[in-house]
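Notes for the structure review
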Amino acid sequence: MKVLIIEDEPALRASIQDYLERQGYICELAADFPQAIDKVNEFDYDCIVADIGLPKGNGLDIVKELKLLESKAGIIIISARDSLEDKLSGLELGADDYLTKPFHLSELNARVNAILRRKNFDGNTTVTFHEITIKPASKTVLVHNQSITLTGKEYQLLLYFIANQHRVVTKSALAGHLWGDEYDQAGSYDFIYTHIKNLRKKMLEAGGDDYIKTVYGTGYRFG
Amino acid sequence: MKLLTKTTLYFLLIMLPVFTAGAFYLYSKFNKEIKHETDEELVNDKLQWMRYLDTARVDNPIFRINTPEFILRPTENAAQSKHQLKSVDIYQEPENTYAPFRQLTQVIHVNDKNYELVLRKSIIEKDDLVNNIIHVMLAAFGGLLLFVLLSNWLISKSVWKPFYQSLGKIQKLQLNKLETIVFERTTTHEFNQLNAALSSMTTRIHSDYTSMKELTEDAAHEMQTPLAIVQSKLELLLQDDTLSETQQNSILASYEELQRLSRLNHNLLLLAKIENQQYPVTAQPDLCAVVEKYLQLFEELIKEKELQIRKEMAATSPWPLHPALADILVSNLLGNAIKYNYTRGNITIRITTDTFTVSNTSQLPEIPGNVLFQRFKKHNSNYTNSNGLGLAIIKKMADSYGFSVDYAYMNGEHTFRVTRSLSDSGF
């Protein structure tokens, strides 16, 4: 899977590249608008992560260019401005998703993952991790080919974990993914633990291994 | 006291002694004139009488006449060449009072005998004169008062008009709309000076305010990218298997604190955007639906604390708010009601067509009114994940979009009520 990262901040570009490559993607980089236009014209990508605020141009114009080229690449827009207008115009132009800085790398990865799944296989694919098989189209989860029933939150949690397998995922990233940005309004996100406990229990009951490891109380690692 | 009332009052205070003095002057002048006229007439009469007496015979009854106005009586006194004039009061029988008279006396020599001649003429009664003068003066004073009031009113209508216009503008002043204030040129020098001073003042305040605001916004914007970089680096660092437990804990702690900083920054930007009215009212989201959405979102938290939720909601309640702001309004108030509640506490949500009320039980004491909506005022230090901006955001939203927010504390229940004026519903 080839991902193009268009981001003018070298440090952030490198972080994204690092994280995505560890998850098995092949990453190419562009630091400004002309470079980005050259790359999308020259190569085919499965997914493009584009910052809106770029030197010598606007990330939204890259979305336009991609649509002109009838590219099948999934597009995620990143913006430093939490602006609804940017988000709407980006999505209208044909971007698939929108992220506001600062974001969790695990969240970006999960979104890239979801887009690729939708795009490349029209959703008719399975996500497999050892004895666990997920059929996103029907939202069913099999452990050792035996179907288990998960709540909506547990299902989302499992998909997120598998997308970010072997990585430490923080509680705030999980909470943000499951409940959106408002979760911090109400205070604690200790209740995540309840969902994780239930998910683990259901998988263990179906004969699966215990893949969810607690990392010093504040994070989790799957696999 | 209004300026107009004050000047009128001062004017009257000055005019009062002037009029009184005028009245006295007028009185004495009149008095003098009347005396003078009467005296002339008396002297004239005397000459006529003398001429007549010179030709009269001795047995003429005229020599024994005694009336209040004419007396001729024999006397032993020596004849006088000059008459004497003086004022006397003579008893008036029909009116039973004394009336003022001028009297002329002279001892004359007629038919080899000396006679005392007394001529009297009534002068207008002084009381009447005083009364008349007081009446005239009061009328003049009243007339002047009316005139002053009327002219002041007219003057204030025209001359003071620019002043009141400027005053009105300053009264309606809003910090974020200072640049729209224009003070027109007037024909009055003083007002032009005032307007020029006001203009330069508002311009200076506006530029200070704008640069302050821009600084906050720019700082918040510029912080987003470094925050993103640091967060990503920490997240990558977390993945390092060779880290010791303490190192990993430190990174996690830093990561969580960074989240707090991000939220703070996000809220500061939000405050600035609300203030800049960057959330136009394009739709009227139903507050009831928004409440239901957030009750769903906070479901776990509510269950965890075993909170009792009471809902008294109208069927629908469309509010003229940007959907993002409606979300923030509900999530902030509901979030607080959950966060600061105790286990098995209550939350009451009331929605009518123009009010949105959230009440919750809490162990926290009443929030003092003066710090209620202040930024960064944390009402309880036990809640570390609060940044003290939630209520400030609600207040800012209310100020910018014409709502009002009330807070009340009764029997351990904190109540926040947001009221919109129905006249704004036609946004």
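About the cut-offs
- Residues numbered from 1 in each chain as written.
- Chains lettered and ligands numbered in written order.
- Predicted model: local features only at pLDDT ≥ 70, side-chain atom pairs only at ≥ 80, totals over all residues.
- Helix = DSSP H or I, 4+ residues; strand = E, 2+ residues; numbered from the N terminus.
- Buried ≥ 20, exposed ≤ 12 C-beta atoms within 10 Å, placed from the backbone.
- Contact = placed C-beta atoms within 7 Å.
- Pairing = 2+ DSSP bridges.
- Axes fitted to C-alpha atoms, helices over the stretch in contact; angles between N-to-C directions.
- Arc of directions from axis to C-beta.
- Expected span 1.5 Å × (residues − 1).
- Core = buried A, V, L, I, M, F, W, Y, C linked by C-beta atoms within 7 Å.
- Parallel < 35°, antiparallel > 145°, perpendicular 65-115°, else oblique.
- Left-handed = near helix turned anticlockwise from the far one by under 90°.
- Nonpolar A, V, L, I, M, F, W, Y, C, P; charged D, E, K, R; others polar.

1. Here's the deal with the overall build of chain A
A count of helices and strands for chain A gives 8 helices and 14 strands. Residue burial in chain A is summarised as follows: out of 223 residues, 42% are buried. Sequence-distant contacts, at least 24 apart, represent 59% of the contacts inside chain A between residues at least 6 apart.

2. Some words on the environment of B:Lys305
All names here are of chain B. Take lysine 305: it is sitting in helix α7 (residues 299–305). Note: C-alpha distance between lysine 305 and lysine 339 (34 residues apart in sequence) is 9.4 Å. Residues contacting lysine 305, with those up to four places away along its chain left out, are Ile338, Asn341, Thr343 and Gly345.

3. Considerations on the sheet that holds strand β13 (residues 212–215) of chain A
Residues and elements named next belong to chain A. Spatially, 3 strands are ordered β12-β14-β13 in an open sheet, and the strand pairing comes out antiparallel. Every other strand in the sheet has two partners, leaving β12 (168–170) and β13 as the edge strands with one partner each. Recorded for the sheet is a direction-independent mean angle of 35 degrees between the axes of neighbouring strands. Here β13 pairs with strand β14 (residues 219–222) via 4 bridges, running antiparallel. Counterpart to valine 215 in the pairing with β14 is glycine 219.

4. Digging into helix α6 (residues 287–297) of chain B
Of the positions making up α6(B), those classed as buried are B:Leu287, B:Val290, B:Val291, B:Tyr294 and B:Leu297. Angularly, the buried residues of α6(B) cover 120 degrees about the axis, an arc narrow enough to put them on a single face. Buried residues in α6(B) make contact with α7 (171–179) of chain A together with α7, β5 (308–313), α8 (323–339), β6 (346–351) and β7 (355–361) of chain B.

5. What to know about the environment of B:Leu270
Tracing the backbone shows B:Leu270 in helix α5 (residues 245–275). Once the C-alpha coordinates of B:Leu270 and B:Glu217 are considered, the two residues, 53 residues apart in sequence, prove to be 9.4 Å apart.

6. Some thoughts on helix α8 (residues 192–205) of chain A
All names here are of chain A. A rise of 1.5 Å per residue sets the reference length of α8, with its 14 residues, at 20 Å; its end C-alpha atoms lie 20 Å apart and thus fit the reference within 8%. Among all positions of α8, only Ile192, Leu199 and Met203 are buried. Mapping the buried residues of α8 onto a view down its axis gives an arc of 35 degrees, with all of them on the same face. Those residues of α8 that are exposed and angled more than 90 degrees off the buried face are Lys197, Lys201 and Glu205. Close packing links the buried residues of α8 with β10 (140–143), β11 (146–148), α6 (152–163) and α7. Of the residues trailing α8, glycine 207 is marked for its positive phi of about 90 degrees.

7. Points about unusual backbone geometry
Cis geometry is found at the peptide bond from A:Lys101 to A:Pro102, where omega equals -10 degrees. Tracing the backbone shows A:Pro102 in the loop between β7 (97–100) and α5 (105–121). In the Ramachandran plot, B:Arg344 falls in the positive-phi region, its phi being about 65 degrees despite a non-glycine side chain. Examined against the element boundaries, B:Arg344 turns out to sit in the loop between α8 and β6. A residue is classified by how many C-beta atoms lie within 10 Å of it, and B:Arg344, with 10 of them, is exposed. Although it is not a glycine, B:Asn411 adopts a positive phi angle of roughly 50 degrees. Summarising the element assignment, B:Asn411 is placed in the loop between β8 (403–410) and β9 (413–420).

8. Things to note about the nonpolar core
General note: in soluble globular proteins, nonpolar side chains tend to be found buried as a group. The biggest cluster of nonpolar side chains holds 68 residues, and the ones touching the most others in it are B:Leu329, B:Val330 and B:Ile393. With 9 residues, α8(B) is the largest single contributor of residues to this core. Residues in contact with B:Val330, not counting those within four places in the same chain, are B:Leu287, B:Val290, B:Val291 and B:Tyr294. Formed by 38 residues, the second largest nonpolar core is a distinct cluster that contains A:Tyr45, A:Phe103, A:Leu108 and B:Leu227.

9. Focus: the environment of B:Thr188
Residues and elements named next belong to chain B. Inspection of the secondary structure assignment puts threonine 188 in the loop between α3 (161–171) and α4 (189–238). It is 8.6 Å that separates the C-alpha atoms of threonine 188 and proline 162, two residues lying 26 residues apart in sequence. Residues in contact with threonine 188, not counting those within four places in the same chain, are Val159 and Pro162.

10. Here's the deal with the packing of α6(A) against α7(A)
Residues and elements named next belong to chain A. Running from N to C, α6 and α7 point in directions that differ by 130 degrees, and their axes come no closer than 10 Å. As judged from the angle between their axes, α6 and α7 are oblique. Where α6 crosses over α7, the two elements pack in a sense that is right-handed. Contacts from Lys153, Gln156, Leu157 and Tyr160 of α6 reach α7 at Leu174, His177 and Leu178. Across the contact of α6 with α7, the residue classes break down as 4 nonpolar, 2 polar and 1 charged.

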